Amino acid sequence: MYSVKEPDAGTPERKSSEQVTLEIDGRAVTVPAGTSVMRAAADAGVRVPKLCATESLEAFGSCRLCLVQIEGRRGYPASCTTIVEPGMKVKTQSDPLAKLRRGVMEMYISDHPLDCLTCPTNGNCELQEQAGVVGLREVRYGFDGANHFKQAEKDTSNPYFDFDPAKCIACSRCVRACEEVQGTFALTLQGRGFESKIASGNTDFKSSECVSCGACVQACPTATLVEKSIVERGQPDHSVVTTCAYCGVGCSFRAEVKGSEVVRMVPNKDGHANHGHSCVKGRFAWGYATHKDRITKPMIRRSIHDPWREVSWDEAIAYAASEFKRIQAEHGRGAVGGITSSRCTNEETYLVQKLVRAAFGNNNVDTCARVCHSPTGYGLKTTLGESAGTQNFDSVEHADVIVVIGANPTDAHPVFASQMKRRLRAGARLIVIDPRGIDLVRSAHVEAAHHLQLRPGTNVAVINALAHVVVTEGLHAESFVRTRCEQPAFDKWKAFISDPRHAPEATEEITGVPAAELRAAARLYATGGNAAIYYGLGVTEHSQGSTMVMGIANLAMVTGNIGRPGVGVNPLRGQNNVQGSCDMGSFPHELPGYRHVSDPAVRALFGAAWGVDIDSEPGLRIPNMFDAAIGGSFKGLYVQGEDIAQSDPNTQHVFAALESLECLVVQDLFINETAKFAHVFLPGSSFLEKDGTFTNAERRISRVRKVTPPLAGKADWETTLALAEALGYPMQYTHPSQIMDEIARLTPTFTGVSYARLDELGSIQWPCNDKAPGGTPVMHIDEFVRGKGKFVITEYVATQERVNRKFPLILTTGRILSQYNVGAQTRRTANNTWHDEDRLELHPHDAEQRGIKDGEWCKIVSRAGETVLRATISERMQPGVVYTTFHFPGSGANVITTENSDWATNCPEYKVTAVQVSPTTEPASKWQRRFGEFSEQQDALLPQSDPR
């Protein structure tokens, strides 16, 4: 865990049932068939010199430094491109080999600047290292001839790394990493011989198609591509393996540290979710953790109009506890509640819901999954029996058909998107169901076989039409359904879905999807081999979100695409621990492990462990809390690591609710939009400052390890413990591992999980118990968790949000690669270089009709409110549909979204808002001006000593 440099075997590991035995330097070595000689040597502990080879890329054979001798063969083959054979005898060291290698190295060094002492990678440079390995002592060619470093100009345009072509050895590792690992194809090797050079599309890196994932930087063996943080701070002296705190992919990273300062984040090659890859956020956008905006001292105030006062931890905790006690004494036990964080650890989330249930004495606890993936929990629990995705990410490598519904993986889940694109380039077929032309529809070496560009709000009609084709054309998996599913429920559903009103020809006018295109997509999904569905918030954030999730499950079951690698129903979770926050019992009707509070046996189990009687009545959901606050019956709220004022719909309603509270306690890194309404601010800790676990979208539990001390002195779990004790309910934990031990004791799917087990295995996918001690990569293999799969009737009901002459356009929302969620983290990094404001994206036809030009201001008005954004004219949109992101609080994206929500879970209908758009010369709406004034007032109330 504390080694800075990871070993590199030179070429990728091969897996085969066939084993090959050969001899290397007189020693017998046995490896899987297909292994390179270089890899076999590395497995035997023999290091062959190399420059162009690395185990994350396929062998290239250009540097000629890894030459070996093989008995019976002429010449000196490259060990990286030579595959082992039975009985092969290899020599990796001899005088002729040494002479050849030194000669090769001389050529490299003669065209390389000799500035090692001032080079940022000095001491961690493969070229430097290999020169020593081959014993280079002189360069006979001199340095007076033509040299690249005499004419090369450094490219510093990217905010995170520099490109210095003077130090390039044309090994092509960066080009191959961009192609093979990332799949962007932004780099090329131009020219031949001495004229060979790396190019980023004949422009600088910042202006190119580069997505700043860092794969090229990681692959570079010299200082040609190097992080600016290394240039500025020097080389790290140790590293700590931890887990990224951005999206639901859950990438494993090595935080490389110098003293107590993080120097860089490098993706962990042993990471089970990311396999050594990363995106711009996890790789580079971690500077927010030490940003000047961090609040590191507790603060309190009586009113939101009063100045903040810095106090000790003890005073802040005591004040918060006394206010909660006062409110409950005056207004009843149910007048307070809590909201857990999907950015905090499992252990911290577990403690907050425990505090609400044991210290507050009610079930008024909810989480941000309410506004994103709560329909996933409801829909999959109902049909399959478990509130989570069915597969691991690696399952996509076995898929023949991939369906992406309402998700934009290249922007929201980029590391998994790279893995998906590799499978698509290998031959898998792609179906995209999305109102917008996302990158996956057509990008480098990837093109969708079908893009079903539906009208927003018609998801259920589309999924029903797909299922109709499968059933009426006899393409369903009858034996799977008969043995694995409830027959009466299937018979009822089959009669429902076979009705001609669900035929593509009948739904075409509703959905906008041509019947022939939909039929072709349905046939491909049903007959194309292993078919996997991946979906996102474009499925769940609708008034029929739960219905759509059940419709997806119906389609997977009727085709038998459940229970093996390459298939399944896979929700792509948005935040790093949104799956975990749900697992930990953050919903008002469920205790940890998705067990209903009305179950006496479940309440008895937790009650005995916690020493309290647990309320049998479900508590308030977030929207209910808002309504009750405005109504006067809900007065106190503890918010851990969520910004509900920016993320929840109908912002003006949310603001009114927060203003109505008598005590709002916010625990966070920054004064976010919610904290501007707070009475107590408890400084939070970043993922770099604490121990714990995150659970990603594939149910993978991974360790979060403390890299640096908490800037505010406490990790989030310690803050919650202090508050619970002040409320009269002390919790006896001294380390987060003890919290996980309690979770494991009380939650059947976590029985086998412990920090020791996680350290041993690297990560674990729940369920992990006696039946599955190593975890469960693929669920529902022999039977569904609920026993038999249940088909559910999914009647299409049109949303109440309708377009008309006043509001003729449909607004839908989403994310962008460089920013994350409400932007609290990424806006405090150089990621703003690529995206520094939310914009409204609209089709050229709609823009022309309204006289709107690219880059100019436009006013967006809905039934809920209005805001002003700059316009981006784009054919990604279909006529009649507009799109924006929600990463900047001043954009007011949620001022115009309505309170319409999913019928089962209250998940807001962010994806369908009827609007009108018109040109304007005003850069701000009335709400935006009021927001700006309020924000300025709140900033002025911060302590003067604050660095803000």
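Residues numbered from 1 in each chain as written. Predicted model: local features only at pLDDT ≥ 70, side-chain atom pairs only at ≥ 80, totals over all residues. Heavy atoms only, no water.

## Structural notes on the overall build of the protein
For clarity, the cut-off: Secondary structure counts use DSSP, requiring at least four H or I residues in a row for a helix and at least two E residues in a row for a strand, with both numbered from the N terminus. Note on areas: Shrake-Rupley with a 1.4 Å probe; residue coverage comes only from the protein chains shown. Here Asp and Glu are counted as negative and Lys and Arg as positive; His is not counted, and neither are the chain ends. We put the charge of a Lys on NZ, of an Arg on CZ, of an Asp on CG and of a Glu on CD.
Counting its secondary structure elements, the protein contains 31 helices and 36 strands. Along the three orthogonal principal directions, the C-alpha set of the protein runs to about 90 × 70 × 65 Å. Carbon and sulfur atoms make up 49% of the accessible area of the protein, which amounts to about 34000 Å² in all. With 100 positive and 109 negative side-chain charges, the protein shows a spacing of 2 Å between the two charge centroids.

## Digging into the nonpolar core
Proteins that are soluble and globular tend to have nonpolar side chains buried together. Here is the rule we go by: Remark: nonpolar core denotes a set of buried residues (Ala, Val, Leu, Ile, Met, Phe, Trp, Tyr, Cys) joined through side-chain atoms within 4.5 Å. Residue burial is assigned from relative accessible area. The probe radius is 1.4 Å, only protein chains are included, and a residue is buried under 20% of its type maximum, exposed over 50%, and partly exposed in between. Contacts are assigned to residue pairs with any non-hydrogen atoms lying within 4.5 Å of each other.
Ranked by size, the top nonpolar core spans 67 residues in total, and within it Phe161, Leu225, Ile402, Met420 and Leu430 carry the most contacts. The biggest single contributor to this core is helix 13 (residues 414–425), with four residues. In contact with Ile402, not counting residues within four places along its chain, are Val396, Met420, Arg423, Leu424, Ala428, Arg429, Leu430, Ile431, Ala532 and Tyr534. In this structure, Tyr319, Ala369, Leu746 and Cys768 belong to the second largest nonpolar core, which totals 65 residues.

## Some details on empty space enclosed by the protein
Selection rule: For cavity detection a 1 Å grid was placed over the protein atoms alone, and a set of points counts as a cavity when a 1.4 Å probe fits there but cannot get out; an open set counts as a pocket when protein lies on both sides within 12 Å along at least five of seven lines, with lining residues being those that have an atom within 4 Å of a point. Grid points are joined across faces, edges and corners, and a volume is the space filled by probe spheres set on the points. When residues are sorted by character, Ala, Val, Leu, Ile, Met, Phe, Trp, Tyr, Cys and Pro go into the nonpolar class, Asp, Glu, Lys and Arg into the charged class, and all the rest, Gly among them, into the polar class.
Taken as a whole, this structure holds 15 cavities of 30 Å³ or more when the rule is applied. Empty space within the largest cavity amounts to approximately 400 Å³. As for the largest cavity, its lining consists of 28 residues, and the residues nearest its centre are Gly406, Ala407, Gly538, Thr813 and Lys911. When residues of the lining of the largest cavity are traced back to their parent elements, those giving at least two are helix 12 (409–412), helix 19 (537–540) and strand 31 (809–814). Residue contributions to the lining of the largest cavity peak at three residues, all from strand 31. The class makeup of the residues in the lining of the largest cavity is 11 nonpolar, 12 polar and five charged.

## Brief notes about the pattern of salt bridges
Selection criterion: Counted as salt bridges are all cases of a side-chain nitrogen of Lys or Arg within 4 Å of a carboxyl oxygen of Asp or Glu.
In the structure shown here, the tally under the stated rule is 56 salt bridges. Ionic pairing is found between Arg436 and Glu841, a salt bridge with its closest N-O pair at 2.9 Å. Residue Arg436 is found in the loop between strand 17 (429–433) and strand 18 (442–443), and its partner Glu841 is found in strand 32 (residues 839–842); the two are separated by 405 residues along the sequence. Residue Arg482 pairs with Glu478 through a salt bridge whose shortest N-O separation is 3.7 Å. Highlighted residues: Arg482 and Glu478, both in helix 15 (residues 478–484), separated by four residues, approximately one helical turn. The class for Glu478 is exposed, based on a relative accessible area of 51%. Each of Glu6, Glu227, Arg254, Glu256, Arg264 and Arg283 takes part in a single network of salt bridges with overlapping partners.

## Remarks on the sheet that holds strand 2 (residues 27–32)
Formally: Two strands are said to pair when DSSP picks up at least two bridges between them.
One open sheet holds the four strands; their spatial order is 2-1-4-3, and the pairing between them is mixed. Of all the strands in the sheet, just strand 2 and strand 3 (69–70) have a single pairing partner and so form its edges.

## Here's the deal with the environment of Thr188
When you line up the elements, Thr188 lands in strand 6 (residues 188–190). In the structure, Thr188 is positioned 339 residues away from Thr527 in sequence and 38 Å away in space, judged by C-alpha atoms. Other than its neighbours up to four places away in sequence, Thr188 contacts Val175, Lys197, Ile198 and Ala199.

## What to know about the packing of helix 14 (residues 459–472) against helix 20 (residues 545–558)
The line we're drawing: In this analysis, axes come from line fits to C-alpha atoms, helices being fitted only over the stretch in contact, and the angle between any two N-to-C directions falls in the range 0 to 180 degrees. Reported orientations rely on four angle classes, namely roughly parallel under 35 degrees, roughly antiparallel over 145, roughly perpendicular from 65 to 115, and oblique for the rest. Take the far helix as the reference: if the near one is turned anticlockwise from it by less than a right angle, the crossing is left-handed, and if turned clockwise, right-handed.
Remark: helix 14 packs on helix 20, axes separated minimally by 9 Å, with the N-to-C direction vectors making an angle of 15°. Judged on the interaxial angle alone, helix 20 and helix 14 are roughly parallel. Considering only the axes of helix 14 and helix 20, their crossing is left-handed. In this structure, helix 14 contributes Asn459, Val460, Ile463, Leu466, Ala467, Val470 and Val471 to the contact, and helix 20 contributes Thr547, Met548, Gly551, Ile552, Leu555 and Val558. When its residues are assigned to classes, the contact of helix 14 with helix 20 shows 10 nonpolar, three polar and no charged.

## A closer look at the sheet that holds strand 32
Taken together, six strands build a closed barrel; the order of strands is 31-35-32-34-33-36 and the barrel is mixed. Along the sheet, successive strands turn relative to each other by an average axial angle of 45°, direction set aside. Judged from the three bridges that link them, strand 32 and strand 35 (residues 881–885) form a sheet pairing that is antiparallel. Residue pairing in the sheet places Glu841 in a bridge with Tyr883 of strand 35.

## Re helix 3 (residues 126–133)
Helical periodicity: at 3.6 residues per turn, an α-helix aligns residues three or four positions apart in one direction. The following threshold applies: The arc in question is traced by the directions running from the helix axis to the C-beta atoms.
Every buried residue belonging to helix 3 is among Glu126, Leu127, Gln130 and Ala131, and all of these are buried. Projected onto a plane normal to the axis of helix 3, the buried residues spread over an arc of 140° and lie on a single side. Tucked into the core, helix 3 has its buried residues touching helix 2 (95–110) and helix 5 (173–182). Gly135 sits one or two residues past helix 3 and shows a positive phi near 75°.

## Section: the pairing of strand 21 (residues 531–535)
The buried count for strand 21 comes to five of five residues, which makes it a mostly enclosed element. Side chains Ala531, Ile533 and Tyr535 of strand 21 all project onto a buried face; the interleaved residues Ala532 and Tyr534 project onto the opposite face, where all are buried too. Of the pairings in the sheet, the one linking strand 16 (residues 401–405) to strand 21 comprises five bridges and is parallel in character. Each bridged residue has a counterpart across the sheet, and for Val403 the counterpart in strand 21 is Ile533. The pairing of strand 21 with strand 22 (residues 569–571) spans three bridges and is parallel. Residue pairing across strands places Tyr535 opposite Pro571, the latter belonging to strand 22.

Nothing here speaks to function; it is all geometry.
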